[in-house]
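# Remarks on the overall topology
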Amino acid sequence: MNPPIARFIDGEKFMWDGEVYDTHEAAEAKKKEYEAAQFETDIVEAEGGYLVYNRRVAKEVVVEGAPPV
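The paragraphs below set out a description of the structure included in this document. (Residues numbered from 1 in each chain as written. Predicted model: local features only at pLDDT ≥ 70, side-chain atom pairs only at ≥ 80, totals over all residues. Heavy atoms only, no water.)

The next subject is the side chain of Thr-41. Along the chain, Thr-41 turns up in strand β3 (residues 40-46). Using a relative accessible area of 13% as the deciding quantity, one classes Thr-41 as buried. A polar atom in the side chain of Thr-41 sits 3.0 Å from the side chain of Glu-35. Once residues within four sequence positions are removed from consideration, Thr-41 is found in contact with Phe-14, Lys-31, Tyr-34, Glu-35, Tyr-53 and Asn-54. (Helix = DSSP H or I, 4+ residues; strand = E, 2+ residues; numbered from the N terminus. Buried < 20%, exposed > 50% of the residue type's maximum accessible area, 1.4 Å probe, protein only. Polar contact = N/O pair within 3.5 Å; in protein donor to acceptor, adjacent residues only side chain to side chain. Contact = heavy atoms within 4.5 Å.)

This is the structure:
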């Protein structure tokens, strides 16, 4: 299996976590871990396995130093 590393779901870019889960329950358990860490997640079934894709939106951007001229 060679799934895409990134996938657009509802217009948002999600990244694959690199693991292929044998059961939906295992993928769901990992999904809950990511959600507890404030990630948005989705499970995709592919070739008899389950893939977990996730993303986290930056809530705050800190800029240091003077702006460029």
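Turning next to the nonpolar core. Ranked by size, the top nonpolar core spans 7 residues in total: Ile-9, Phe-14, Trp-16, Val-44, Ala-46, Leu-51 and Tyr-53. Among the elements of the structure, β2 (12-21), β3 and β4 (49-55) are those that each provide at least two residues to this core. Setting aside chain neighbours within four positions, we find Phe-14 in contact with Ile-5, Ala-6, Arg-7, Ile-9, Glu-40, Thr-41, Asp-42, Tyr-53, Asn-54 and Arg-55. Judged by nonpolar contacts, the second largest core, of 6 residues, contains Tyr-21, Tyr-34, Ile-43 and Val-52. (Core = buried A, V, L, I, M, F, W, Y, C linked by side-chain atoms within 4.5 Å.)

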